[in-house]
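Listed below are the residues making up each chain.
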Amino acid sequence: MALSTYWWLMAGAAVIAELLTGTVYLLLIGLGFCFAALAAHLGLSLPLQMVVAAVVGAGAVLIWRAIKRRQPTGPRPGANPNVNLDVGETVQIAQWEPDGTAFVHYRGARWTAMPRPGSAPGGTGAHRIVEVVGNRLVIEKI
């Protein structure tokens, strides 16, 4: 069997492993294997094919990581209104407890509410939910 066939088989195995695990990095390593197979078709020696596979695979991973670092990270899932539909809703605070928490009735249940970290309790009245942490609502004064 030709060396290029082994490279194509390894590229296919990397793609299958990527589909099973859901990581993009194996797909990028598979790209390196594809380029090594093309190098084998061009008649390059085995050491050069390995260098091509390593350079292309590692280079693709490094480029991918650099791209991902530049993208801004979104809010945590508890503060993301696309993930947690409670974010942005309003609750009514009747009174604050001495420990800085309050009890609110929201969606038919009694919840513990606390002010956003770094801020003091904002008095009574309407407050907006900015994050859900476990079974606590993080709120801010409207």
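Quantities reported herein were computed from a predicted structural model and do not represent experimental measurements. (Residues numbered from 1 in each chain as written. Predicted model: local features only at pLDDT ≥ 70, side-chain atom pairs only at ≥ 80, totals over all residues. Heavy atoms only, no water.)

Asks: Just checking my understanding: could you explain the pairing of strand β5 (residues 136-141) for this structure?
Replies: Within a regular beta strand, the side chains point alternately toward one face of the sheet and then the other, so they alternate between its two faces. Here strand β3 (residues 109-115) runs beside β5; their pairing, made up of 4 bridges, is parallel. Across the sheet, the residue bridging to Ala-113 is Leu-137, located in β5. Hairpin connection from strand β4 (residues 125-133) to β5: 2 residues lie between these consecutive antiparallel strands, with Gly-134 at a positive phi of about 65 degrees. (Pairing = 2+ DSSP bridges. Helix = DSSP H or I, 4+ residues; strand = E, 2+ residues; numbered from the N terminus.)

Asks: Explain the packing of aromatic side chains here, please?
Replies: Any two aromatic rings considered together are summarised by their centre-to-centre distance and by the angle between their planes. Enumeration according to the criterion identifies 2 aromatic pairs in this entry. When the centroid spacing of 6.1 Å and the interplanar angle of 65 degrees are considered together, the rings of Tyr-106 and Trp-111 count as edge-to-face. Across the pair, exposure class does not vary: Tyr-106 and Trp-111 are buried alike. Across from the ring centre of Phe-103, 4.0 Å away, lies the NZ or CZ of Arg-110, which sits over that ring. (Phe/Tyr/Trp six-rings, centres within 6.5 Å; stacked < 30°, edge-to-face > 60°. Buried < 20%, exposed > 50% of the residue type's maximum accessible area, 1.4 Å probe, protein only. Lys NZ or Arg CZ within 6 Å of the ring centre and 35° of its normal.)

Asks: Even after reading the chapter, I still don't get the side chain of Ser-4, so can you show me in this structure?
Replies: Relative to the elements of secondary structure, Ser-4 occurs in helix α1 (residues 3-21). According to the relative accessible area criterion, Ser-4 is buried, its value standing at 9%. Every residue in contact with Ser-4, bar those within four places of it in the chain, is listed here: Ala-37, Ala-40 and His-41. (Contact = heavy atoms within 4.5 Å.)

Asks: So what exactly am I meant to see when it comes to the environment of Val-130 here?
Replies: With respect to the helices and strands, the residue Val-130 is situated in strand β4. Note: C-alpha distance between Val-130 and Thr-90 (40 residues apart in sequence) is 9.5 Å. Setting aside its immediate chain neighbours within four residues, Val-130 contacts Gly-78, Ala-79, Val-87, Arg-116, Val-138, Ile-139 and Glu-140.

Asks: Would you mind showing me how to read helix α2 (residues 24-41) here?
Replies: In an α-helix, one turn spans 3.6 residues; hence positions three or four apart end up facing the same way. Counted at 1.5 Å a residue, the expected span for α2 with its 18 residues is 26 Å, and the 26 Å between its end C-alpha atoms agrees. All of the buried residues in α2 are Leu-28, Gly-30, Gly-32, Phe-33, Ala-36, Ala-37, Ala-39 and Ala-40. The backbone nitrogen of Tyr-25 lies 3.4 Å from a side-chain oxygen of the residue at the head of α2, namely Thr-23. Gly-43 occupies a position one or two residues after α2 and carries a positive phi of about 95 degrees. (Expected span 1.5 Å × (residues − 1). Polar contact = N/O pair within 3.5 Å; in protein donor to acceptor, adjacent residues only side chain to side chain.)

Asks: Honestly, the pattern of salt bridges in this entry has me stumped. Any pointers?
Replies: Between side chains of opposite charge, a pair can form when the charged atoms approach closely. Summed over all chains, the structure comprises 4 salt bridges. In this structure, Glu-131 and Arg-76 form a salt bridge, with 2.5 Å as the shortest nitrogen-oxygen distance. You can see Glu-131 sitting in strand β4 and its partner Arg-76 sitting in the loop between α3 (46-70) and β1 (90-93), a full 55 residues away along the chain. When the shortest N-O distance is used, the salt bridge between Arg-128 and Glu-140 registers 2.0 Å. Remark: Glu-140 occurs in strand β5 and Arg-128 occurs in strand β4; sequence separation between them is 12 residues. Under the relative-accessibility criterion, Glu-140 is labelled partly exposed at 22%. Each of Arg-116, Arg-128 and Glu-140 takes part in salt bridges that share partners, so that together they form one network. (Salt bridge = Lys/Arg side-chain N within 4 Å of Asp/Glu carboxyl O.)

Asks: Can you help me understand the packing of α1 against α2 in this one?
Replies: Packed helices, taken two at a time, are described by their axes: the angle between them and the distance between them. Two numbers describe how α1 lies on α2: the axes approach to 8 Å, and their chain directions differ by 170 degrees. When the axes of α1 and α2 are compared, the pair comes out roughly antiparallel. Judged by residue contacts, Leu-3, Ser-4, Trp-7, Trp-8, Met-10, Ala-11, Ala-14, Val-15, Ala-17, Glu-18 and Thr-21 of α1 engage Val-24, Leu-26, Leu-27, Gly-30, Phe-33, Cys-34, Ala-36, Ala-37, Leu-38, Ala-40 and His-41 from α2. Per-class residue counts for the contact of α1 with α2 are 17 nonpolar, 4 polar and 1 charged. (Axes fitted to C-alpha atoms, helices over the stretch in contact; angles between N-to-C directions. Parallel < 35°, antiparallel > 145°, perpendicular 65-115°, else oblique. Nonpolar A, V, L, I, M, F, W, Y, C, P; charged D, E, K, R; others polar.)

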